[in-house]
Amino acid sequence: MKSQDVRKQFLDFFASKGHLIVPSAPIVLKDDPTLMFNNSGMAQFKEYFLGNATPKSNRIADTQKCLRVSGKHNDLEDVGFDTYHHTMFEMLGNWSFGDYFKKEAITWAWELLTEVYKIPKENLYVSVFEGSAEENVPFDQEAWDIWKELISEDRIILGNKKDNFWEMGDQGPCGPCSEIHVDLRTAEEKAAVSGKSLVNNDHPQVVEIWNNVFMEFNRKADGSLEKLPAKHVDTGMGFERLCMALQGVTSNYDTDVFTPLIEKVSQITGAKYTSNEVANVSEPQDKTNIAIRVIVDHVRAVAFAIADGQLPSNTGAGYVIRRILRRAIRYGFTFLDIKEPFINQLVAVLANQMGEFFPEIKLQETFVTNVIREEEASFLRTLDQGLQLLDKVIADTKKALPSEGLGRISGAKAFELYDTFGFPKDLTALILKEKGMSFSDAEFDTSMQAQKARSRAASEVSTEDWSVLIPGNVETFVGYDQTENEVKITRIRKVDSKKDGVLYQIVLNNTPFYPEGGGQVGDKGTLVSANESIEIIDTKKENNLILHFTKQLPENLEANFVAKADTNLRTLTSRNHSATHLMHQALRSILGTHVEQKGSLVNPNYLRFDFSHFAKMTETELKEVEDFVNARIQEQLTLIERRNIPFAQAVEEGAMALFGEKYGDHVRAIKFGESMELCGGIHVKNTAEIWHFKIVSEGAVAAGIRRIEAITSDAVKDFYSAQENTLSEVKIALKNPQDILKAVHSMQEENIKLSKQIEALIKDKVKALKETLKNEIQEINGVQFLAKQVELNPEGAKDLAYELGALGTNLFLVLATADEDKPMLTCYISKELVNDKKLNAGAVVRELGKFIQGGGGGQPFFATAGGKNVSGIPAALEKAIEFIK
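Residues numbered from 1 in each chain as written. Predicted model: local features only at pLDDT ≥ 70, side-chain atom pairs only at ≥ 80, totals over all residues. Heavy atoms only, no water.

1. Overview of the overall build of the chain
Inference 1: A count of helices and strands for the chain gives 25 helices and 38 strands.
Inference 2: Across its three principal axes, the chain shows a C-alpha extent of roughly 105 × 75 × 50 Å.
Inference 3: Burial statistics for the chain: of 885 residues in total, 51% are counted as buried.
Inference 4: A fraction of 68% describes how many contacts in the chain between residues 6 or more apart in sequence connect residues 24 or more apart.
Inference 5: As displayed, the chain has an accessible area near 41,300 Å², and 48% of this comes from carbon and sulfur atoms. (Helix = DSSP H or I, 4+ residues; strand = E, 2+ residues; numbered from the N terminus. Buried < 20%, exposed > 50% of the residue type's maximum accessible area, 1.4 Å probe, protein only. Contact = heavy atoms within 4.5 Å. Areas by Shrake-Rupley, 256 points an atom, 1.4 Å probe, with all protein chains shown as cover.)

And the structure:
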């Protein structure tokens, strides 16, 4: 059975049981501060389990793209070494929100597996929760009784809290679960060892394929459990493992989910993958197999993350994606001997394979390919840098070690290479082993743990339980129409973090405060009662709740309040947000329709817009964008806002929908003239309110991504005022000429004449110094040596070095200058000395540069080093002689 058919049969089955089939949410979570990525099928439904929103159906089924590479669920280091862990995987799931419970969930799971998919019953084992006295949760008798009607009792296993009690996190909905495991071993293996003994013991052919979670409890901040008001079902079946079971293979990588990618890797690299069906599974898999599994797994995770809007970067979720891709590149570099970008070529295979069900990968194929190619090229350059740095560490270490015994570099140094340059630990170990060296694993791990401890401490957050003042209330956002209104507090909680200290989160029954989202920052303002005023310092959204952040709570939580958003900040922000839409339209009109938004920030001071484009914008293009936006402002376009339009209708009418955003069945569309986008943000009523639009910068932020920063309104007025002040200061400095531009040109011409005169004087000075210094050259160990400070600029020192170098074939020269109190060392070594004595000017200036608190480099025969400590020059010159002794 093909994988596409496996997916379709699952969804068709649950559609027949009254489930609404919904699309996968994006793999990258943009509006959930508790998660970077969708790491389970239930992540997009958290607000329903928490009771903060009402689902459009009480029965839902889907297949969800998941990524498990950070936090509690992290499978990254297992990927490649076994045949069933993945970074990205699909989770087939069916959900009940207060509707059916254990009986339906279990019997339907059994029906699908045994009657639709026709997996032999004798290959299946199930588990139920054995109970926990510590948690005061009893043995799951109900699930046991249901299962024993379907399967022999000797195939039902009791599971402990670790295996059979599922939790969303440290806090939140949770409950006992019932897993289904499949035994894919041969008949001989089954006869020799019971599959029951191998369940949950990491056997590659006895694996869990389905987990039925029965959400009955809520985990509180103190660790205790309380009953949920309604019971829910949360199930997840690993699509890749299910395909393995249904396609009669014993490895996920032997299914048609991965074989097209593996074939492409083999075609590109010439490396042969050994199928699990051919290999001796009792023996460790070779490095080639591991490398290919890593590459084909990781390209799926990276490609879908980029398609959903997360670009590789050095922070946050972007760093995780970059780390996954670099792990794949490094395995290809080390074990497949591929030193050029090649992983990007797999995107086309992935798009053809999965584009029908996940259209985003097909639509974004070119963009994803280009981003991955650029990232590959960049990291391969970094690997080269790392190799050079490692060579230096090895050389420095060997100097300090006795000649006998195995050389060891510092584990802390190995970690520095890993942490700063992304140089992998095992690649460092491999290179060192080839050179008869090693490093201390213990020191490396100590450095790693210290860094993790620092990172944890910086991000540590303690969140108390909600204190509910008005139960059952679902808040309403009224901020599109009002900036203040009467409110009641419905719930509060305390949050303590290392970064922000103690803060309080307040939920209101109706709020005018816009919560951070869609690139727009959250509103600030006040909460005012008859007796006091509380400052709202930020507004965010979490699990469908709008959270108002304060540093203190009102004295009377039950009082009536007036919530007042800061209208000045709101007005400035709305102008920048509307200008962002107009600029997006301008960029697509001027650069082409390949331009798509890849990120944005809208605040009261400026706007920032990231977009797909693979070339630096010219000054002409930037001017055209400015003119386009300002023309729309001059046209005084009225806002056309449609708050509840069907998604399909909005897109059909031309609304821009962004990749990676999660849209509901009904959306809000914002239109100014021909610009129409789906957007939940705050906007001006008329483009005239923006006043004027000015681009202040344009540059690259990632492979194939450009960034524009721009200003509007009051910020533009301040910008031109500052420009006018600068012009006035220039005019004063030029002694108030009538024609400033003519005066500047005249000054430039005069400067050119003076520069030529200075250049001629320096040449004369160099010739004079040459005659003086050639008499100061000493012969030491057969080498003509001179180390001297001279009164020249760096360019003059270079000319002098070459003039003196022409006098013979065995000169070792170090000149120091301190032009404008900036120390510079210049080293010249005759090429004959470089060859005969293995001297290197670059190594010389790197060592001597330490005395002037700087560094540099260059060629073996000529190099320079700059610094900031002029007083270190004498010591540097004194040290120079040691290189020829």
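2. Points about the nonpolar core
Across soluble globular proteins, you tend to see nonpolar side chains buried next to one another.
Inference 1: If you look at the biggest cluster of nonpolar residues, it comprises 119 residues, and the most contacted ones within it are Y117, I119, W210 and I343.
Inference 2: When residues of this core are assigned to their parent elements, the largest contribution, 14 residues, is made by helix α9 (residues 287-307).
Inference 3: In this structure Y117 touches M1, V6, Q9, F10, L112, M237, L242 and L246, once residues within four positions along its chain are discounted. (Core = buried A, V, L, I, M, F, W, Y, C linked by side-chain atoms within 4.5 Å.)

3. What to know about the sheet that holds strand β17 (residues 484-487)
Inference 1: Spatially, β17-β25-β21-β22 is the arrangement adopted by the four strands of the open sheet, whose pairing is antiparallel. Only two strands of the sheet have a single partner each, and these edge strands are β17 and β22 (533-536). Sheet twist, expressed as the average angle between the axes of neighbouring strands with direction ignored, equals 20 degrees. (Pairing = 2+ DSSP bridges. Axes fitted to C-alpha atoms, helices over the stretch in contact; angles between N-to-C directions.)

4. A short note on the sheet that holds strand β26 (residues 597-602)
Inference 1: Across the sheet, four strands lie side by side as β26-β27-β32-β31; this open sheet has antiparallel pairing. Among the strands making up the open sheet, the edge pair consists of β26 and β31 (693-702). On average, each strand axis in the sheet is tilted by 15 degrees relative to the strand beside it, whichever way the strands run.
Inference 2: Examined bridge by bridge, β31 and strand β32 (residues 705-712) share eight bridges and lie antiparallel to one another. Paired with F693 across the strands is T712, a residue of β32.
Inference 3: Sheet strands in contact with helix α17 (residues 567-590) are β26, β27 (607-612), β31 and β32, and its direction is about 25 degrees off that of β27.
Inference 4: Sheet strands in contact with helix α20 (residues 713-733) are β31 and β32, and its direction is about 85 degrees off that of β32.

5. What about the environment of L92?
Inference 1: Relative to the elements of secondary structure, L92 occurs in strand β5 (residues 88-97).
Inference 2: Since its relative accessible area comes to 0%, L92 is described here as buried.
Inference 3: Not counting chain neighbours up to four residues away, the residues in contact with L92 comprise R7, F10, D62, T63, T235, G236, M237, F239 and L242.

6. Points about the packing of helix α3 (residues 102-116) against helix α4 (residues 141-148)
Inference 1: Two elements in contact, α3 and α4, have axes separated by 10 Å at closest approach and are oriented at 35 degrees. The handedness of the crossing between α3 and α4 is right-handed. In contact with K102, K103, I106, T107 and W110 of α3, α4 contributes E142, A143, I146 and W147.
Inference 2: Residue composition of the contact of α3 with α4, grouped by class: five nonpolar, one polar and three charged. (Left-handed = near helix turned anticlockwise from the far one by under 90°. Nonpolar A, V, L, I, M, F, W, Y, C, P; charged D, E, K, R; others polar.)

7. Notes on the packing of aromatic side chains
Inference 1: Applying the stated rule across the entire model yields 32 aromatic pairs.
Inference 2: On the basis of an interplanar angle of 80 degrees and a centroid distance of 6.3 Å, the ring pair of F14 and W210 is categorised as edge-to-face. Of this pair, F14 sits in helix α1 (residues 3-16) while W210 sits in strand β10 (residues 206-219), placing them 196 residues apart in sequence.
Inference 3: Relative accessible area serves as the criterion here: at 0%, W210 is assigned to the buried category.
Inference 4: For the ring pair F719 and Y720, a centre distance of 5.4 Å and an interplane angle of 70 degrees mean the geometry is edge-to-face.
Inference 5: An aromatic cluster of three or more residues is present, and its members are F45, Y48, F49, W95 and F97.
Inference 6: Sitting over the face of the ring of Y253, R293 holds its NZ or CZ atom 5.9 Å from the ring centroid. (Phe/Tyr/Trp six-rings, centres within 6.5 Å; stacked < 30°, edge-to-face > 60°. Lys NZ or Arg CZ within 6 Å of the ring centre and 35° of its normal.)

8. Focus: the pairing of strand β6 (residues 124-129)
Inference 1: Counting buried positions along β6 gives six out of six residues, so the element sits mostly inside the fold.
Inference 2: The side-chain alternation of β6 yields two buried faces, one formed by L124, V126 and V128 and the other by Y125, S127 and F129.
Inference 3: Examined bridge by bridge, β6 and strand β9 (residues 172-183) share three bridges and lie antiparallel to one another. What sits directly across from L124, in β9, is V182.

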